[in-house]
Amino acid sequence: MGRYVFHYGDPFQDVPPCTTCHGKDARGSKTLPRLAGQHRKYIVNQLLAFQSGKRQTDNAMMRHIARRLSRLAMEGVALFLSTLKPEAGSGK
Amino acid sequence: MTRERKGFALALGLGLGLLAAPAVMAATVVEPPASVKKIIEERCKLCHGRDGEASNAIYPRLAGQNRAYLEKQLRLFRSGVRKSDIMNEQAARLTDAEIAALATWFSSRPPLSHRAPRTPKKKLLIRMGEYYFRYGDGFADIPACRECHGEDARGSETLPRLAGQHRKYIVNQLLAFQSGERRTDNAIMRHIARNLPRLAMEGVALYLSALKPEADAQNSERK
């Protein structure tokens, strides 16, 4: 479930794949956070904070995304990301 | 009745297997009365196939569907509670006895499956669907499908088999439950469909359509 959302997003909910910004390996970039290996619960909590608006950012994208993710999808993608190995050139 | 039918399905599954030719099957199956056979040949067959094997986005597969469920749906079509221009007309003049015989016939036909897709994307979608099937979604108050439709999604005497049904037909029925267009005395499917994300519908439908009926035989052997 998490792996699907990470690679393909949710076309029905207008959620873009996480890979488009955070990269194929979820390494992030100079300005974008690494997600690979991050703690599962921290990720869920940040997504919930984006959803509620508690975490504001100059980039509205994460709020848009978090509002359209089901809670279960958050858990799934967080679990997947937390287990991603930094070495992994995993791709798909 | 239930035991007989199960035993029969088991015998089919074990003895003849999936690849057995329909001609071989026919010899082991009690043919319906001539008048009902005529209805099948002249009408049902056109859309559902003689053995209920046809399957596409519009015409659901009837092969191996559970008897009491089929009977109930035919009655619902006849009374117009379940709406379908085509099936309301097809069922309008069926007698109770004909409905019973039709249900018995199609439920006795061997269940079939669809080929599982191989692309990485579809494989991940299937896994998502399997999650919903096995565990539901506790956050969204969606019970696991298997709680009612059974471990192998073969349903029960009164609950529909979902294994091997066409992907799009499943999605369409879920959307019909969601919109309230398909009403049933059992409100649970409407509740579930209202909470199920569209992507999850696609996933669970893809998972179900590719479920193999052989698993049924193995499982009923175990039990």
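Throughout this document, residue positions are counted from 1 along each chain, in the order its sequence is written. All chains are assigned letters beginning at A, and all ligands numbers beginning at 1, according to the order in which they are written. At least 70 in pLDDT is required for a residue's local features to be given in this predicted model, at least 80 for side-chain atom pairs to be given and counted, and no such filter applies to totals for whole chains, interfaces and linings, which use all residues. Excluded from the side-chain calculation are hydrogens and water; included are all heavy atoms of the structure.

Novice: Before we move on, can you summarise the domain arrangement of chain B with the specific residues and values?
Specialist: All names here are of chain B. Those domain boundaries reflect an automatic or database domain assignment. Split by domain assignment, chain B resolves into domain 1 (32–108) and domain 2 (120–216). Each of domain 1 and domain 2 has a C-alpha centre, and the two are 22 Å apart. Carbon and sulfur atoms make up 41% of the surface buried where domain 1 meets domain 2, a total of about 1,500 Å² over both sides. Note on definitions: salt bridges are taken to be side-chain nitrogens of Lys or Arg within 4 Å of carboxyl oxygens of Asp or Glu. Where domain 1 packs against domain 2, one counts 1 salt bridge. Where Glu157 meets Arg67, a salt bridge forms, and the shortest distance between an N and an O atom there is 3.1 Å. Distance and chemistry together define a polar contact, namely a pair of N or O atoms within 3.5 Å, with one atom able to donate a hydrogen and the other to accept it when in protein, and with adjacent residues in sequence counting only for side-chain atoms on both sides. Applying the counting rule to domain 1 against domain 2 returns 14 residue pairs in polar contact (both at pLDDT 80 or more). Summed over both partners, the accessible area lost on bringing two parts together, with a 1.4 Å probe, is the buried area.

Novice: Just give me the short version of the environment of Tyr169(B), but keep the residues and values in it.
Specialist: Residues and elements named next belong to chain B. Only DSSP runs of H or I covering at least 4 residues are called helices, and only runs of E covering at least 2 are called strands; the numbering of each starts at the N terminus. Its place among the elements puts Tyr169 in helix 9 (residues 167–179). When near neighbours in sequence (up to four residues on either side) are disregarded, Tyr169 contacts Asn56, Ala57, Ile58, Pro60, Arg82 and Arg182. A distance of 2.9 Å separates the side chain of Tyr169 from the side chain of Arg82, its partner in a polar contact. We call two residues in contact whenever any of their non-hydrogen atoms come within 4.5 Å of each other.

Novice: With reference to specific residues and values, describe the packing of aromatic side chains.
Specialist: Residues and elements named next belong to chain A. Each pair of aromatic rings taken from Phe, Tyr and Trp, with Trp reduced to its six-membered ring, is defined by centres within 6.5 Å and is described as stacked if the planes are under 30 degrees apart, edge-to-face if over 60, and tilted in the remaining cases. Under the defined criterion, the tally for this structure stands at 4 aromatic pairs over all chains. Summarising the aromatic geometry, the rings of Phe6 and Phe80 are spaced 5.3 Å apart at their centres and angled 50 degrees between planes, so their arrangement reads as tilted. One end of the pair, Phe6, is in helix 1 (residues 2–8); the other, Phe80, is in helix 5 (residues 71–83), with 74 residues separating them in the sequence. Under the relative-accessibility criterion, Phe6 is labelled buried at 1%. Each residue is assigned to one of three classes by its accessible area relative to the maximum for its type, calculated with a 1.4 Å probe on protein chains only: buried under 20%, partly exposed between the two thresholds, exposed over 50%. On the basis of relative accessibility, which here comes to 11%, the residue Phe80 falls in the buried class.

Novice: Explain a positive patch on the surface to me, using residue names and the numbers behind them.
Specialist: Residue and element names in this part refer to chain B. Like charges are joined within 9 Å and nonpolar side chains (Val, Leu, Ile, Met, Phe, Trp, Tyr) within 5 Å, but only among residues with over 30% relative accessible area and no salt bridge; these make up the patches. Methods summary: accessible areas were calculated by the Shrake-Rupley approach with a probe of 1.4 Å, and residue burial reflects only the protein chains presented. The positive count covers Lys and Arg only, the negative count covers Asp and Glu only, and His and the chain ends enter neither. A charged residue contributes its charge at one atom only: NZ of Lys, CZ of Arg, CG of Asp or CD of Glu. On the surface, Arg115, Arg118, Lys123 and Lys212 cluster together to form a positively charged patch. Among the secondary structure elements, Lys212 is positioned in the loop between helix 11 (198–209) and helix 12 (214–222). Assessed through its relative accessible area of 40%, Lys212 is described here as partly exposed.

Novice: Lay out the confidence of the model for chain B in plain terms, naming residues and giving numbers.
Specialist: All names here are of chain B. Each residue gets a pLDDT score, which is the predictor's confidence in that residue and runs from 0 to 100. Of all residues in chain B, 83% have pLDDT values of 70 or greater, and the mean over the chain is 86. When pLDDT is averaged over each element of chain B, helix 11 comes out on top at 98 and helix 1 (residues 2–16) at the bottom at 38. Below a pLDDT of 50 lies the segment residues 1–27, which in the model reaches 33 contacts outside its immediate sequence neighbourhood of four places, other chains included. Here residues 219–223 is a poorly scored stretch, pLDDT under 50, and it has 7 contacts once near neighbours within four places are set aside; other chains count.

Novice: Can you explain the interface of chain B and chain A? Please cite residues and give values.
Specialist: Listed per partner, the contact involves 14 residues of chain B and 14 residues of chain A. Taken together, chain B and chain A are joined by 0 salt bridges. At the junction of chain B and chain A, the tally comes to 0 residue pairs in polar contact (both at pLDDT 80 or more).

Novice: Now, about the nonpolar core: what can you tell me, with residues and values included?
Specialist: What makes a nonpolar core is a set of buried Ala, Val, Leu, Ile, Met, Phe, Trp, Tyr and Cys residues whose side-chain atoms join them at distances within 4.5 Å. Counting 50 residues, the largest nonpolar core has Leu69(A), Leu81(A), Met128(B) and Leu208(B) as the members making the most contacts within it. Elements represented by at least two residues in this core include exactly helix 1, helix 3 (40–52) and helix 5 of chain A together with helix 7 (120–135), helix 9, helix 10 (188–195) and helix 11 of chain B. The dominant element in this core, judged by the number of residues it contributes, is helix 11 of chain B, at 8 residues. If near-sequence neighbours (up to four positions away) are discounted, Met128(B) is found in contact with Met1(A), Tyr4(A), Val5(A), Leu199(B) and Ala200(B). One finds Leu70(B), Ile99(B), Ala101(B) and Ala103(B) within the second-largest nonpolar core, a separate group that totals 17 residues.

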